[in-house]
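The lines below spell out each chain.
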Amino acid sequence: QDFFYDFIGGATIALICLVQTLAHAAIATTDVIQGPYCAFVPPFVYAMLGTSPHASISSGAIAAILIADQLQYWHDIQERTELASLLGLISGIWLVVLGLCKAAYLVRFLSQSLISGFVTGGSVLILEGQLKNLFGLVNMRHGIGFIDTGRAILEALPETNYVGLALGLSMMGVLQLMMWLKKYTQAQLKGKGPHPWWMKPAKILSEMKELVLVALSTTFAYVTADASGQTLLPVVGTIPPGLPPFQPAYDLPAARAMFQTQYHLHEFIVGGFLVALTSFLTTYATSKKQALQHGYQIDASQEMFALGMAGTCGSFFGSFPPSGSLSRTSLASEVGVRTQMSGLMKIVVVGTSLSFFTPVLYYLPKATLAAIILRSTWSLVDFKTARELWKAWKPDKLGGMKRDFVVWWISFFLTIFMGVLYGIGSAVLFSLLMIVRDAAMPRMVSLGQIESLGNIWRDTEVWGEGRTFPGILVAEFRGPLSFASADWFQQELERMRLSSPDQVEIVVLSFGSVHDLDKTAIEMLRELFTEWQKRGVSCIVADAKSRVRLLLEQHFAKPRKGSKTPLLDQPAFLIGIDDAVQLAKRILHRRGRQISCYNARDD
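Residues numbered from 1 in each chain as written. Predicted model: local features only at pLDDT ≥ 70, side-chain atom pairs only at ≥ 80, totals over all residues. Heavy atoms only, no water.

1. Considerations on unusual backbone geometry
The backbone phi angle of Asn455 is positive, close to 60°, even though this residue is not glycine. Checked against the element boundaries, Asn455 lands in the loop between strand 3 (443–450) and strand 4 (456–459). A positive phi angle is found at Ser546, which is not glycine, with a value near 45°. Here Ser546 is to be found in helix 23 (residues 546–556). (Helix = DSSP H or I, 4+ residues; strand = E, 2+ residues; numbered from the N terminus.)

See the structure below:
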C-alpha cells in the first residue's frame, strides 16, 4: 500500500540529495564524489536499523562544517578525503558505543544558544571558504583558520574568473527566485481551490531548485567550451564513475600516515566525538519534529545506534560522517513518504547516477556549487537569536538570559577564530560550570504576602509591596540542598536573619523547591537549628514534600538526648506557608509579643 508513495517520494528526495551531497562535500573540503558516496551505503544501513520513517540520512551542512574544521591542517584534497572516511569511522564507533550505553542524554549539554552560536560561526567560515570557488581562484593557497584564509583570498583576488563570478551571482539570483516561488506556491496550495494547473508542477520544480541550477549551469559550461573541452570557468572535472569501492577507512594511506606520525591524532578522536554528538543532535531533532507531527514515537538510543552503524559501515565505502537534513526530512513528509523504503530508493537513484551519469557532472561549474552553498548557508546564520538574547540582558530575577548571551558569543567567536572544537568545547565547559554554580549557590529569597493576588507569597525583592511581619522571616531556598550547597544555604540564611531590620525570633523555611536532602545537609541543619535554639530563635518548615518531609520528621521532630524540645517544634509537617506563619504568630503571642496583620511592616 505504501510502495507507490515511497517510490515517488524516495526518487524525488534522491535527486535533490544527489546535488546537495556534492555541495556538502565542497563544504567539507573533500573530493565532491565523497558526497554521493555518503548517500549510498549510510541510508541503507539506517533504513534497516532506524526508527523514523521520514529521516533522510546522507550528508548534512552542519556535519560538513565540523568535518572541514577537523581537516583544515591537511593541504592535499586526497588526504582530506581519506581522513574524512576515517572520521566517519571514528564518529560512527562513538555513536554505536553511546547508543548501546543508552547515552543519548549527552546531547542535552548542547544548549540551543550554544548550537546557534556554533552554527552561525561555522556558517561564517563556510561563506568565507566558498569565496574561492565563487571567484574562481584556482591557484589560491590553502589557508588555515579564518584570518589566514581571508589573507589567502585577498592575495589571489587578481586571478578572479569573472565569467564564473557572473554565473555564480546569477545562479544565486535564480535560487532566490525559486525559493520565493516555493513559498508562494505553498501558501496558495494551502488555501481553498481550485488552483491553476501549473501550481503543483511549479511547487515540485521549486523543491528541486538545486537540480535546476545544476542543469542550467552545466549546459552553459558545455556550450561555451571550446573544441578541446576547455571551459571558460573552473568546473568540477573528472569524477570517477562506478559505485564506491570497499576499502577500510583505517587502511587508507592518509590514515596509516596519521597512525604512524600521531599527527593531530588525539584531536581527531576528540573531534570525532564532537561530530558524533552534533550529527546525532541534528538528525534526532529533525526526526522528532516529524514524529510529533505524524503521531509516532522514535527511540533516541536506537536512533543513535542506527546513525552510528550508518557512519561506520559507510566509512568502508568512502563516506564521511552522515547526518539527517531538516529540509530533506521535511520534504519527505510533504511528498508522502511513509516508510524507510524511500531510503532504499535513494540507493537505487544514487547508484544509477554514479554508474552512468558522472560524465555529465564533468562540466558542473564550481561557481554553481558555491552559489548553492552560499545561499543555503546564509539561512543558517542566526544573529536573530543573539539579538533576542541581547534584549534579555537584565537580571535573572527579572527574566534575563545573560548566561545564554555569553554562551552564544563564546561559541560564535571561538568557532571562528579558534575552530569548531574549541568553540563548542569552551561553550559546553562554561555551561557546565554554570550548572555546577547553580547547584552550589542556588537563590535564597525573602518572601512577602501579596494581598492583591489573594495573599500568595512572592519574592520581596521583586514584589516590593509584599507584606512581612516583625519578628518573622519567611525564606525560600530555590534549589537542591546537598553537600554542594549546604554551606551556601547556611551563609545566606544567617545573612538574611542578621540583616533583617527587626530582630528575627522565628524563621519560616519554605522547602517547596527542595527535592532531596543528603547527610551533609541534615548535619548542617542540625548544627544551625541547635545554635538558633540556644539563642531563642525558632524554626518552622513549610511545603516540605515526600522524602524531604520524611527526613525532617525523622531527624528533627523528636527531642534529642538531654533536651525536652525538638529542634523543629511544630505539630505537623504537612503545612503550607500560610499555616506556618499563623503558627509563628501564635508562638510569638505566647512569648508576649503582639503581632497581627494590622501591625505588619508595610502598614
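Let's pick the thread back up.
2. Topic: the pairing of strand 5 (residues 472–478)
With six of its seven residues buried, strand 5 lies for the most part within the structure. Direction of pairing for strand 3 relative to strand 5: antiparallel, over a ladder of four bridges. From the neighbouring strand, Arg443 faces strand 5, where its bridge partner is Arg478. Relative to strand 6 (residues 506–510), strand 5 runs parallel, the two sharing five bridges. (Buried < 20%, exposed > 50% of the residue type's maximum accessible area, 1.4 Å probe, protein only. Pairing = 2+ DSSP bridges.)

3. Concerning the state of the cysteines
Per the stated rule, a full pass over the model turns up zero disulfides. Note on Cys38: no disulfide assigned, nearest cysteine sulfur contributed by Cys17 at a separation of 8.0 Å. Taking the relative accessible area as the measure of exposure, Cys38 reaches 0% and is therefore buried. (Disulfide = S-S within 2.5 Å.)

4. Description of the side chain of Thr120
Its place among the elements puts Thr120 in helix 6 (residues 112–129). For Thr120, the side chain forms a polar contact with the main-chain oxygen of Ser116, separated by 2.7 Å. If sequence neighbours within four positions are ignored, Thr120 has contacts with Leu380, Val381, Asp382, Phe383, Trp408 and Phe412. (Polar contact = N/O pair within 3.5 Å; in protein donor to acceptor, adjacent residues only side chain to side chain. Contact = heavy atoms within 4.5 Å.)

5. Looking at the environment of Ala367
You can see Ala367 is positioned in helix 17 (residues 366–378). Taking C-alpha positions, Ala367 is 21 Å from Glu207, a pair spaced 160 residues apart along the chain. Residue contacts for Ala367: discarding those within four places in its chain leaves Asn133, Leu134, Gly164 and Gly168.

6. With respect to the pairing of strand 6
Burial analysis of strand 6 places five of its five residues in the buried class, which makes it a mostly covered element. Of the two faces of strand 6, the one lined by Ile506, Val508 and Ser510 and the one lined by Val507 and Leu509 are each fully buried. On the question of chirality, the crossover connecting strand 5 to the parallel strand 6 by way of helix 21 (residues 486–498) is right-handed. Two strands pair when backbone bridges link them, and strand 6 and strand 7 (residues 538–542) are joined in this way by five bridges, in the parallel orientation. (Right-handed = clockwise from strand over helix to strand, strands pointing away.)

7. Topic: the pattern of salt bridges
Tallied over the full model, the rule gives 16 salt bridges. Arg495 is the partner of Glu492 in a salt bridge, and the nearest nitrogen-oxygen pair spans 3.0 Å. Of this pair, Glu492 and Arg495 both sit in helix 21, three residues apart, which is roughly one turn of the helix. When its relative accessible area of 13% is taken as the criterion, Glu492 is described as buried. Several salt bridges share partner residues, and in doing so they unite Arg141, Asp148 and Glu155 into one network. (Salt bridge = Lys/Arg side-chain N within 4 Å of Asp/Glu carboxyl O.)

8. Details of the nonpolar core
As a rule of thumb, nonpolar side chains are buried together in soluble globular proteins. Of all hydrophobic cores here, the largest spans 88 residues; its most connected members are Phe118, Phe268, Phe280 and Ile424. Counting residues per element, this core draws most heavily on helix 13 (residues 265–294), which supplies 10 residues. Aside from chain neighbours lying at most four places away, what touches Ile424 is Leu66, Leu110, Leu114, Phe118, Leu274, Thr278 and Thr415. Counting residues in each nonpolar core, the second largest holds 33 residues, with Phe477, Leu493, Cys539 and Val548 among its members. (Core = buried A, V, L, I, M, F, W, Y, C linked by side-chain atoms within 4.5 Å.)

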